[in-house]
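Structural description and commentary
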Amino acid sequence: MVDVALYGGRAVTTDVPSRSRTLGRLRLNDIIFRNITRGAALAVLVILGGVMIALAAGAWPALQAFGLNFLIEERWNPVTERFGALAPIYGTVVTSLIAMLIAVPVGLMIAMFLTELCPMKLRRPIGIAIELLAGIPSIIYGIWGLFVFAPFLQQHVQPALIAAFENVPALSSLFAGPPYGIGVLTAGLILAIMVLPFITSISRDVFDAVPPMLKESAYGLGCTTWEVVRHVVLPYARVGVIGGVMLGLGRALGETMAVTFVIGNAHRISASLLAPGTTISATIANEFTEAVGDLYTSSLIALGLILFVITFIVLALARYMLLRIERRIG
Amino acid sequence: MVPGSTKLYAARRRRNTISMALSLAATAFGLGWLVLILGVLLYEGFGGLSLKVFTEMTPPPGADGGLLNPILGSLMLTALAVAIGTPLGMLAGTYMAEYGRHDRLSTVVRFINDILLSAPSIVIGLFVYEIMVAPMGHFSGWAGAVALAVIVVPVVVRTTEDMLRLVPDTLREAAASIGVPRSLMITRIGYRAAKAGIITGVLLAIARISGETAPLLFTSLNNQFDSFNLNAPIASLPVVIFQFALSPYADWQKLAWTGALIITFTVLALSIVARALAASGKQS
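Please read all numbers here as calculations on a predicted model, not as lab measurements.

1. Concerning the overall build of chain B
- For chain B, the helix and strand inventory stands at 11 helices and 0 strands.
- Across chain B, helices and strands are ordered from the amino to the carboxyl terminus as α-α-α-α-α-α-α-α-α-α-α.
- Over its C-alpha trace chain B gives a radius of gyration of 24 Å, far above what one expects of a compact globule, namely 19 Å for 284 residues.
- Counting only C-alpha atoms and orienting by the principal axes, one finds that chain B spans roughly 80 × 70 × 35 Å.
- Per-residue burial for chain B yields a buried fraction of 53% across its 284 residues.
- At a minimum sequence separation of 6, the contacts of chain B that also span at least 24 residues come to 73%.
- Total accessible area on chain B is roughly 12500 Å²; 68% of this is exposed by carbon and sulfur atoms.
- Averaging the coordinates of the 20 positive side-chain charges in chain B and doing the same for the 14 negative ones gives two points 17 Å apart.

In structure tokens, the structure reads:
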């Protein structure tokens with residue numbers, strides 16, 4: 001058996017032993033490469049597992065000391081070493097809720113504009129511009145929020161809110177107290193701007209995936225654009241939209257720097273949205289490097305563990321929903 | 001005509017006009033924030049932009065100075081993070097697209113990777129603190145780079161897998177039919193065909209980490225001096241902005257705005273280049 005190979009246009013013959021040697025080497029390379037890539041894929045799992053284990057180990061002393069009371073205790077006192085996560089959890093939930101209340105309808109409206117109304121030529125540039133909002137680093141939102149947005153709210157918006165709801169029962173306590181500028185509401189509004197691009201781009205993609213036949217049939221029956229979106233596009237894209245909303249929620253829950261700048265870092269639960277508060281991530285960012293004592297550090301890591309578990313559940317649900325719609329389209 | 005139907009038509013048309021106006025307003029609202037934020041950044045930061053910013057060290061309060069050490073620190077951390085995260089991410093993406101396209105491991109890794117992609121970055125910081133800073137006993141540039149690398153990996157995994165999947169199977173079959181071993185087929189043909197896409201992924205990852213602050217707060221910390229020792233705390237642009245912006249000194253705040261301007265436009269430029277590259281890759 002003789003092998004012929006071409007080297008630089010010249011035919012070269014090689015003998016049999018070198019052929020089997022070469023083949024053996026190639027086979028070995030194949031096996032090595034396959035296992036290296038497999039190892040790298042496993043490493044991704046190891047990273048996630050490592051995050052879980054490291055956080056659980058770090059949080060252990062605090063969880064041992066406080067037990068489940070950690071979740072429902074409002075006090076956060078580094079001096080007496082009594083720690084409870086209720087105030088940060090409350091702040092995280094409320095700021096994310098405000099963000100979603102604003103970003104979901106606005107994001108869906110923009111997606112509707114981009115898929116139904118916008119001239120073809122402008123669709124890409126406007127879509128990219130909205131997505132650039134997601135590219136701005138969160139610390140920029142923070143510095144902008146602190147120096148520009150919060151003072152604006154303090155001078156113009158918050159006094160008006162306080163005055164408007166002064167005599168409305170229930171709402172008056174939501175908008176009570178002096179206008180600080182910084183606080184839960186400001187943090188929620190900035191989060192809304194930050195998650196808007198995520199919700200918009202995913203909604204736009206799932207709106208785009210609605211079969212044109214369905215839309216055209218509805219138009220053919222004489223539906224208005226709004227009716228087509230409301231009764232054809234939205235029901236069809238529902239699962240994907242919910243997935244996108246959950247993805248945005250995951251971002252809002254874990255967002256750190258922007259919130260740290262504007263929330264005011266007060267470990268208390270106030271009825272008023274204008275009062276300063278704190279969130280899980282803001283507490284960790286503010287206090288971790290200054291935490292003295294193992295129990296303090298451990299309590300902060302326990303906060304991180306809670307945040308991770310919450311966002312893990314939300315993001316897993318989001319991915320599950322998006323997978324479902326992908327399967328339907330694909 | 002049915003009585004009342006003109007009324008119904010008018011109502012439907014009115015509802016349509018209102019909702020279309022709202023969607024237009026929502027788009028203007030979304031774009032407005034982008035313009036507003038970039039405008040403020042330019043207004044506040046542009047005045048401070050001078051050669052000094054890139055050539056002098058961070059000053060003590062009240063003195064003159066620049067941002068040289070945080071800029072260099074950020075560049076070092078970013079380069080290291082990309083150097084650690086890119087190979088790992090590329091290899092994992094390769095496994096998922098080439099070897100185990102439909103196996104259980106790939107499905108699980110894809111799911112977990114997507115979660116890591118949007119996991120809160122501050123949690124990554126805590127993780128690296130636990131595995132590196134606490135055992136070593138001190139903050140270090142290495143820890144910061146590892147924290148950023150953990151953020152790079154899922155971005156690169158995702159784009160590598162997506163881009164390799166776009167490579168037509170006929171190319172693979174052609175290679176297989178002339179007896180090219182699989183590993184060579186992937187490295188010589190798969191990677192070459194997916195090159196633009198993979199570079200896009202790396203650029204997006206760089207854009208993502210160059211503004212990250214939270215994972216650096218308790219890994220690489222900060223350093224007032226021009227130290228570039230990776231085994232010690234090291235300054236980085238985002239953390240310096242954080243510290244300077246929250247300080248009571250006007251000249252520190254001004255430097256923070258300038259730093260913010262530099263970061264934002266770097267990040268935006270990176271993501272626009274990445275997009276352009278991805279678009280040109282799709283056309284060819």
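2. Looking at the interface of chain B and chain A
- Each side of the interface is counted separately: chain B has 82 residues, and chain A has 79 residues.
- When chain B packs against chain A, the two sides together hide about 7100 Å² of surface, and 82% of this comes from carbon and sulfur.
- Counting across the chain B and chain A interface gives 3 salt bridges.
- When the shortest N-O distance is used, the salt bridge between Arg 275 of chain B and Glu 131 of chain A registers 2.9 Å.
- On inspection of chain B and its partner chain A, the count reaches 8 residue pairs in polar contact (both at pLDDT 80 or more).
- At the level of secondary structure, the elements contributing two or more residues to the side of chain B that touches chain A comprise helix H1 (5-45), helix H3 (68-99), helix H4 (104-117), helix H5 (121-136), helix H6 (141-166), helix H8 (182-193), helix H10 (237-245) and helix H11 (250-283) of chain B.
- Per-element accounting of the side of chain B that touches chain A gives the leading share, 20 residues, to H1 of chain B.

3. What to know about H8 of chain B
Residues and elements named next belong to chain B.
- Among all positions in H8, only Ser 183, Met 185, Ile 186, Gly 190 and Tyr 191 are buried. Considered in projection along H8, the buried side chains sweep an arc of 155° and stay on one side of the axis. Pointing more than 90 degrees away from the buried face of H8 are the exposed residues Arg 188 and Arg 192.

4. Some thoughts on the packing of aromatic side chains
- Taken as a whole, this structure holds 19 aromatic pairs over all chains when the rule is applied.
- Seen in terms of ring centroids, Trp 144 of chain A and Phe 149 of chain A are 5.1 Å apart; in terms of plane orientation they differ by 15°. Their pairing is stacked. Each of the two residues, Trp 144 of chain A as well as Phe 149 of chain A, counts as buried.
- Ring geometry for Phe 261 of chain A against Phe 242 of chain B: centres 5.5 Å apart, planes inclined by 80°, an arrangement best described as edge-to-face. Residue Phe 261 of chain A is found in helix H10 (residues 257-262), and its partner Phe 242 of chain B is found in helix H10; the two belong to separate chains.
- Judged by relative accessible area, Phe 261 of chain A falls into the buried class, the value being 4%.
- Here the aromatic residues Phe 66, Phe 70, Trp 76, Phe 83 and Tyr 296 of chain A are joined through ring pairs into a cluster of three or more.

5. Re the packing of helix H8 (residues 212-220) of chain A against helix H9 (residues 225-254) of chain A
All names here are of chain A.
- As a packed pair, H8 and H9 sit with axes 10 Å apart at the nearest point and diverge in direction by 145°. Between H8 and H9 the crossing geometry is right-handed. Contact residues: Leu 214, Lys 215, Ala 218 and Tyr 219 in H8; Thr 225, Val 228, Val 232, Val 233 and Tyr 236 in H9.
- Of the residues assigned to the contact of H8 with H9, the class counts are 7 nonpolar, 1 polar and 1 charged.

6. Points about the confidence of the model for chain B
- Residues at a pLDDT of 70 or more form 98% of chain B, whose mean pLDDT is 91.
- Interface predicted TM-score (ipTM) for the complex: 0.91; the corresponding pTM is 0.92.

7. Let's talk about the nonpolar core
- Among the nonpolar cores identified, the biggest contains 185 residues, and Ile 136, Tyr 141 and Phe 207 of chain A are the most heavily contacted of them.
- By residue number, the principal contributor to this core is helix H3 (residues 86-117) of chain A, which donates 15 residues.
- With sequence-adjacent residues up to four places away left out, Tyr 141 of chain A is seen in contact with Leu 133, Ile 136, Ile 190, Ile 193, Met 194 and Ala 258 of chain A together with Ile 37 of chain B.
- If you look at the next biggest cluster of nonpolar residues, it comprises 10 residues, including Met 246, Leu 315, Ala 318 and Leu 322 of chain A.

8. Regarding the side chain of Thr 159 of chain B
- Tracing the backbone shows Thr 159 of chain B in helix H6.
- Other than its neighbours up to four places away in sequence, Thr 159 of chain B contacts Gly 197 and Gly 201 of chain B.

9. A look at unusual backbone geometry
- With a phi close to 55°, Glu 81 of chain A is a non-glycine residue in the positive phi region.
- For Glu 81 of chain A, the location among the structural elements is in the loop between strand E3 (76-77) and strand E4 (82-83).
- Note on Glu 81 of chain A: relative accessible area 30%, which makes it partly exposed.
- Backbone geometry at Leu 221 of chain B places phi at a positive 55°, although glycine is not the residue there.
- Inspection of the secondary structure puts Leu 221 of chain B in the loop between helix H9 (195-210) and H10.
- Residue Leu 221 of chain B is classed as partly exposed on the basis of its relative accessible area, which comes to 23%.

The rules behind each value
- Residues numbered from 1 in each chain as written.
- Chains lettered and ligands numbered in written order.
- Predicted model: local features only at pLDDT ≥ 70, side-chain atom pairs only at ≥ 80, totals over all residues.
- Heavy atoms only, no water.
- Helix = DSSP H or I, 4+ residues; strand = E, 2+ residues; numbered from the N terminus.
- Rg over C-alpha atoms; globule rule 2.2 N^0.38 Å.
- Buried < 20%, exposed > 50% of the residue type's maximum accessible area, 1.4 Å probe, protein only.
- Contact = heavy atoms within 4.5 Å.
- Areas by Shrake-Rupley, 256 points an atom, 1.4 Å probe, with all protein chains shown as cover.
- Lys, Arg positive; Asp, Glu negative; His and termini not counted.
- Charge placed at Lys NZ, Arg CZ, Asp CG, Glu CD.
- Buried area = accessible area lost by both parts, 1.4 Å probe.
- Salt bridge = Lys/Arg side-chain N within 4 Å of Asp/Glu carboxyl O.
- Polar contact = N/O pair within 3.5 Å; in protein donor to acceptor, adjacent residues only side chain to side chain.
- Arc of directions from axis to C-beta.
- Phe/Tyr/Trp six-rings, centres within 6.5 Å; stacked < 30°, edge-to-face > 60°.
- Axes fitted to C-alpha atoms, helices over the stretch in contact; angles between N-to-C directions.
- Left-handed = near helix turned anticlockwise from the far one by under 90°.
- Nonpolar A, V, L, I, M, F, W, Y, C, P; charged D, E, K, R; others polar.
- pLDDT = per-residue confidence, 0-100.
- Core = buried A, V, L, I, M, F, W, Y, C linked by side-chain atoms within 4.5 Å.

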